[in-house]
Amino acid sequence: MAFEMVGVVGLGTMGAGIAEVFARAGLRVIGVEADAEALARGRAHVERSTGRAVDKGKLTPAEQAEILGRITLTTSRDDLRAADLVVEAIPEIMDYKISLFQDLDRICGPETVLATNTSSLSVTAIAAATGRPGRVIGMHFFNPAPVMKLVEVVGTVVTEPGVLSGVAELAERLGKTVVAVGDRAGFVVNRLLLPYLNHAAVLLEQGVAARDDVDAAMKLGVGLPMGPFALLDLIGLDTAYEVMGVLYDETRDRRHAPAPLLRELVTAGLLGRKSGRGFYGEDGQRPAPVDSAAVSFGVVGDELAGRLRAAGLEPSGDPDVLLHEAERPVIEYAAGLKDPAKLVGVHLVGDRVAELAATVLTAERAATGAAGLMRAAGLTPVPCKDRAGFVVDALLYPYLNDAVRMHDAGYASIADIDAAMRLGCGYPAGPFEMLETLGLARVRDGLRALYAEYREPAFAPAPLLDQLVTAGLGAFPRP
Ligand code: 3HC
């Protein structure tokens, strides 16, 4: 299958990035938008993106001109007549997609492959609406498309032999790694990523922790390239909301119901980076950190005591704050104390983050004092409510559990799921790699604690995870 001329319909954030990727790989690109204004925005996007590469010395101005010269922009779909492949990247609205694919089916030659960059809609339904269902597939890129190395290539039950492998070869020519998947809402990455992002929005709404603290916890504690709210702003809250809606319609899993906060922001036009404001805007100011010098403390927990001591912080006899190192909520312990107002639970996450759990009895002074102490010890404090999983485990463990269930359901291999999350989202490790590093038993027990507190069926440990722990195994069997 020879692809030399490629059409891209829709030059928003994704479409413009996809057009750039094709042009960089030497293909000729026809970019189509609805009107001149949208075309100009698409062109500006590619110019800005390649311009940044020039500024960094990664492209010469001549190479940039060549890339831009390979992209022809038009408002007429009829100009796609000569394309070998057309990739659609218009909004996630099924009616729009079907009407576009029916147009493309009429305009393009019978050999042309039509691909959708849909994040979650049914590729089969789009294919079935055309007269060439065997040549309609999913080609799902990740934002920013020029940077993220993954392409999910989605086949359906009617995909013709050779189409998938031809498109996969093309994606490799673009410098991408391909994970081939079946047509299931969210495919691999969005099915695992979006529920986690939605859950972060729910925790924010419930006041479990603040926006910046959640982002700091996931970035510094887990090593993700961005926290969930920064990533939601990058993806676009409208896209995230739509994907969650599709996932919910398919699974009826209440965790997939879009967080009301997402709907509120989207309705207000706060869509994230594309509209200039989403979870983040101009109001990203943080309160000044509290000075820790005046705070005396007691500490329960060897690792925490050692970290504080290493920073020159010594406990005292009659403390203002009692720090209790904990993996689980500390309210029971607090309730047994003479002065529970002083107690703050401390959950160390990696080398850089300390989650600080304030119970319903914790005094404000103790909470701010604990935060100052953590900063003095070189840790980023993440104040949160005293709930099972605090912030990091509550967000991370269900995601890991979902990955195990996805694999156990036969949808994708361990290697593909790990690669997809590393390359699609820039995660430092895939979910199975993370599970094995954290320890299967620890994650299983953490999930049990989450389940016991929230009674959320999906938090119950996946049977495969439970069985591996029961069998005393520390790793997933791989072929
Ligand atoms: N367009 C083009 N290039 C970009 C870019 C953009 N929008 N944003 C960043 N880059 C390039 C930079 O030029 C730089 O290139 P270089 O290494 O060649 O110099 C490189 O990316 C790194 O950028 P920065 O140093 O400016 O910033 P970071 O190191 O913070 O990286 C990031 C930015 C690549 C966005 C990183 O934070 C990341 O990987 N985040 C996770 C993104 C993610 O999860 N994406 C998937 C979302 S899900 C999705 O898209 C599916 C959809 O269906 C919903």
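See the structure shown above.
Residues numbered from 1 in each chain as written. Predicted model: local features only at pLDDT ≥ 70, side-chain atom pairs only at ≥ 80, totals over all residues. Heavy atoms only, no water.

Notes on the pairing of strand 5 (residues 113-116)
Next up, step 1: Burial of the side chains of strand 5 extends over both faces: Val113 and Ala115 are buried on one face and Leu114 and Thr116 on the other.
Next up, step 2: In this region the chain leaves strand 4 (residues 85-88), passes through helix 4 (residues 94-107) and returns to the parallel neighbour strand 5; the handedness of that crossover is right-handed.
Next up, step 3: Here three bridges tie strand 5 to strand 6 (residues 136-140), and the two strands are oriented parallel to one another. Counted as the bridge partner of Thr116 is Gly138 from strand 6.
Next up, step 4: Handedness of the β-α-β unit built from strand 5, helix 5 (residues 123-128) and strand 6 comes out right-handed. (Buried < 20%, exposed > 50% of the residue type's maximum accessible area, 1.4 Å probe, protein only. Helix = DSSP H or I, 4+ residues; strand = E, 2+ residues; numbered from the N terminus. Right-handed = clockwise from strand over helix to strand, strands pointing away. Pairing = 2+ DSSP bridges.)

Observations regarding unusual backbone geometry
Next up, step 1: Residue Pro144 follows Asn143 across a cis peptide bond; omega there is -5°.
Next up, step 2: Tracing the chain through its elements places Pro144 in the loop between strand 6 and strand 7 (150-154).
Next up, step 3: Phi is positive for Arg252, close to 55°, though the residue is something other than glycine.
Next up, step 4: The topology assignment puts Arg252 in the loop between helix 10 (237-251) and helix 11 (260-267).
Next up, step 5: Judged by relative accessible area, which is 56%, Arg252 ranks as exposed.
Next up, step 6: Despite not being glycine, Phe390 has its phi angle at roughly 45°, a positive value.
Next up, step 7: Checked against the element boundaries, Phe390 lands in the loop between strand 13 (380-385) and helix 15 (392-408).

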